[in-house]
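So the chains spell out like this:
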Amino acid sequence: CDAFNAMVSYAGWGVLAANVSYTGIQNLTLSAEGEYETSHGINKVGGQVLLADEWIQYTGVDKFTFGILSSQVYDSASVAADGDFSFAITPAVAYKLNDVVAFQLEGTWQQSVYDGAKVGYATIVPSVKLSADKSASATVWCSISTDSTQSTSSAGIGVIKEF
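Below, the structure is looked at part by part.

Definitions and cut-offs
Residues numbered from 1 in each chain as written. Predicted model: local features only at pLDDT ≥ 70, side-chain atom pairs only at ≥ 80, totals over all residues. Heavy atoms only, no water. Helix = DSSP H or I, 4+ residues; strand = E, 2+ residues; numbered from the N terminus. Buried < 20%, exposed > 50% of the residue type's maximum accessible area, 1.4 Å probe, protein only. Contact = heavy atoms within 4.5 Å. Lys, Arg positive; Asp, Glu negative; His and termini not counted. Charge placed at Lys NZ, Arg CZ, Asp CG, Glu CD. Salt bridge = Lys/Arg side-chain N within 4 Å of Asp/Glu carboxyl O. Phe/Tyr/Trp six-rings, centres within 6.5 Å; stacked < 30°, edge-to-face > 60°. Pairing = 2+ DSSP bridges. Axes fitted to C-alpha atoms, helices over the stretch in contact; angles between N-to-C directions.

## Considerations on the overall build of the protein
Part 1 of the reasoning: What the protein contains, in helices and strands, is one helix and ten strands.
Part 2 of the reasoning: Reading the protein from its N terminus to its C terminus gives the helix and strand order β-β-β-α-β-β-β-β-β-β-β.
Part 3 of the reasoning: Viewed in the frame of its principal axes, the protein has a C-alpha envelope of about 50 × 45 × 30 Å.
Part 4 of the reasoning: Counting all 163 residues of the protein, 25% fall into the buried class.
Part 5 of the reasoning: Considering only contacts within the protein whose residues lie at least 6 apart along the sequence, 30% involve residues at least 24 apart.
Part 6 of the reasoning: Side-chain charges of the protein comprise 7 positive and 16 negative groups, with the mean position of each set lying 14 Å from the other.

Set out below in structure tokens:
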């Protein structure tokens, strides 16, 4: 049906992926996806045993979009500890002032849980999106980190033109 979507795939080198999404409630989108890599798959891809993402978006308040993204990684190939677990949670909000200007704000908390893991930290990303029309926009943003050893603060401009 139009309100529900599901997908499962398996790659012969050892990667199983699945996702599900639901849009049956007006102005609300729910989505979850995951990936499982067998030991053979990790050797080919170099990722992790398990990766999961969940996403919720709500657009039911005039000119606002609210969202939250959560992701988890279990037993990453890039971490020397066995059974490591890391997660990130990113709430976000956008306000569309008019057809030209929109303000956006998101913040991410990242945390690892295993022996010897570094302390958790946050990044805060305010931005302004300027739209020339429905197919072209520029976004000016900055990223402010609470721990410059794990993530540096930065600023940038992104330009998109859809064809």
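## A few points about the pattern of salt bridges
Part 1 of the reasoning: Overall, the coordinates contain one salt bridge when judged by the stated rule.
Part 2 of the reasoning: We note a salt bridge from Lys96 to Asp99, for which the minimum N-O separation is 3.9 Å.
Part 3 of the reasoning: By relative accessible area, Lys96 is classed as partly exposed at 43%.
Part 4 of the reasoning: Overall, Asp99 belongs to the exposed group, its relative accessible area being 64%.

## Structural notes on the packing of aromatic side chains
Part 1 of the reasoning: What the rule picks out here adds up to three aromatic pairs.
Part 2 of the reasoning: For the pair Phe64 and Phe66, a centre-to-centre distance of 5.5 Å together with 10° between the ring planes defines the contact as stacked.
Part 3 of the reasoning: Seen in terms of ring centroids, Phe64 and Tyr95 are 4.8 Å apart; in terms of plane orientation they differ by 50°. Their pairing is tilted. With Phe64 in strand S5 (residues 64-76) and Tyr95 in strand S6 (residues 85-96), the pair connects residues that are 31 residues apart, well separated along the chain.
Part 4 of the reasoning: Put simply, the rings of Phe64, Phe66 and Tyr95 touch in pairs and so form one group of aromatic residues.

## Some words on the pairing of S6
Part 1 of the reasoning: Bridging between S5 and S6 involves eleven bridges; their strand directions are antiparallel. Bridge pairing in S6 places Ile68 opposite Pro91.
Part 2 of the reasoning: Linking two consecutive strands that pair antiparallel, namely S6 and strand S7 (residues 101-113), is a turn of four residues.

## Observations regarding the sheet that holds strand S2 (residues 15-22)
Part 1 of the reasoning: Across the sheet, which stays open at both edges, the ten strands sit in the order S1-S2-S3-S4-S5-S6-S7-S8-S9-S10 with antiparallel pairing between neighbours. Every interior strand has two partners, whereas the edge strands, strand S1 (4-11) and strand S10 (154-161), have only one. On average, each strand axis in the sheet is tilted by 10° relative to the strand beside it, whichever way the strands run.
Part 2 of the reasoning: Of the pairings in the sheet, the one linking strand S9 (residues 136-145) to S10 comprises eight bridges and is antiparallel in character. Paired with Trp141 across the two strands is Gly156, which belongs to S10.

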